[in-house]
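Breakdown of the fold
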Amino acid sequence: MWRTLQFYEERRRLVEDLKSEGVIRSKLVEEAFLNIPRECFVPEHLRCYAYVDSPLPIGFGQTISAPHMVAIMTEELAVQPHDIVLEVGTGSGYQAAILAYIVAKGGGHVYTIEIVRELSKKAVENFAKAAPELLNYATFVVGDGSKGLELFAPYDKIMVTAAAPTIPEPLINQLKPGGRLVIPVGNRWSQVLLVIDKLRDGSIRIKESVPCIFVPLIGEYGWSRYGYE
Ligand code: SAM
């Protein structure tokens, strides 16, 4: 009980910091951050760092992204409660839970795809512990998300939480007209977060958001095609 209260206090403080830095800008994202306990998505021995604004290791050479990056990406995605969302790179499941919190308000849904089977399994466990009431709003899939997830396409919004060498074409194809894709694109050591809108006439508009550093997107439309796993 004491730990729960302490984590809540740390979470509240982090949210205040992210708001004052202009990173959290909307009520929806603020509420999601206040209600999803990040401590449930980090390994047990790192729980005391859950509210430090930093990425943390989650095994298999992967990370849970820093809270400010989760906030920036969620704000840039402009996710609405009725949206059908695809997340590529489930990792710990934290970003999926933030998105599910928002779409649960309006009957939307989050599909999240992860290439490492063990991480996907752990993400479901984390999610069930953190937010069992949101389980109906999220579907976890194991596979190569660089190809998107054709089965449930098209999507209103797509978020990629790993760094791509180029914009994967299947993701553009699986976006609805009027939809948005947020994806870090660049080389293996530094990237720019791109916000890509598919306009009603099918044309594409690209905005550069912030510089960032993500683990690589592997798979057919990721770094694997350059011989790097
Ligand atoms: N969104 C995650 C979270 O909230 O914890 C953090 C994602 S982590 C920075 C990137 C994830 O992308 C890793 O778990 C990695 O295994 C996964 N990944 C890399 N390439 C992938 C691919 N082609 N398809 C699906 N997942 C992929």
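This write-up is about the structure you can find in this document. (Residues numbered from 1 in each chain as written. Predicted model: local features only at pLDDT ≥ 70, side-chain atom pairs only at ≥ 80, totals over all residues. Heavy atoms only, no water.)

We now examine the environment of valine 103. Structurally, the position occupied by valine 103 is in helix H4 (residues 94-103). By relative accessible area, which is 0% here, valine 103 ends up buried. Counting along the chain gives 34 residues from valine 103 to tyrosine 137, while the straight-line C-alpha distance between them is 7.3 Å. In contact with valine 103, not counting residues within four places along its chain, are Val79, Gln80, Pro81, Asp83, Val85, Gly108, His109, Val110 and Tyr137. (Helix = DSSP H or I, 4+ residues; strand = E, 2+ residues; numbered from the N terminus. Buried < 20%, exposed > 50% of the residue type's maximum accessible area, 1.4 Å probe, protein only. Contact = heavy atoms within 4.5 Å.)

This part is about the site of the ligand. Around the ligand sit 27 residues in total, of which Glu87, Ser92, Glu114, Gly145 and Ile218 are the nearest. The separation between an oxygen atom of the ligand and a polar side-chain atom of glutamate 114 is 2.6 Å. Relative to its free-state accessible area of 610 Å², the ligand is covered by the protein chains to the extent of 99%. At the level of elements, strand E2 (62-64), H4 and strand E4 (109-114) are the ones that each hand at least two residues to the shell around the ligand. Its residues assigned to classes, the shell around the ligand shows eleven nonpolar, 13 polar and three charged. (Near = heavy atom within 4 Å. Polar contact = N/O pair within 3.5 Å; in protein donor to acceptor, adjacent residues only side chain to side chain. Areas by Shrake-Rupley, 256 points an atom, 1.4 Å probe, with all protein chains shown as cover. Nonpolar A, V, L, I, M, F, W, Y, C, P; charged D, E, K, R; others polar.)

With that settled, the discussion passes to the packing of helix H2 (residues 27-35) against H4. Orientation of H2 relative to H4, taken along the N-to-C sense of each, is 125°, at an axis distance of 9 Å. Compared by their axis directions, H2 and H4 come out oblique. In this structure, H2 crosses over H4, and the sense of that crossing is right-handed. Here Leu28, Val29, Glu31, Ala32, Phe33 and Asn35 of H2 lie close against H4, whose contacting residues are Tyr94, Ile98, Tyr101 and Ile102. Tallied by class, residues from the contact of H2 with H4 come to eight nonpolar, one polar and one charged. (Axes fitted to C-alpha atoms, helices over the stretch in contact; angles between N-to-C directions. Parallel < 35°, antiparallel > 145°, perpendicular 65-115°, else oblique. Left-handed = near helix turned anticlockwise from the far one by under 90°.)

Moving on, we come to the pattern of salt bridges. Applying the stated criterion across every chain yields a total of 15 salt bridges. Linking lysine 19 and glutamate 30 is a salt bridge whose minimum nitrogen-to-oxygen distance equals 3.1 Å. Within this pair, whereas lysine 19 is found in helix H1 (residues 2-20), its partner glutamate 30 is found in helix H2, the two being separated by eleven residues in sequence. For lysine 157, the salt bridge identified is with aspartate 83, shortest N-O distance 2.8 Å. (Salt bridge = Lys/Arg side-chain N within 4 Å of Asp/Glu carboxyl O.)

Turning next to the side chain of glutamine 191. Mapped onto the fold, glutamine 191 is located in strand E8 (residues 191-198). Here phenylalanine 214 takes part through its backbone nitrogen, which lies 2.7 Å from a polar atom of the side chain of glutamine 191.

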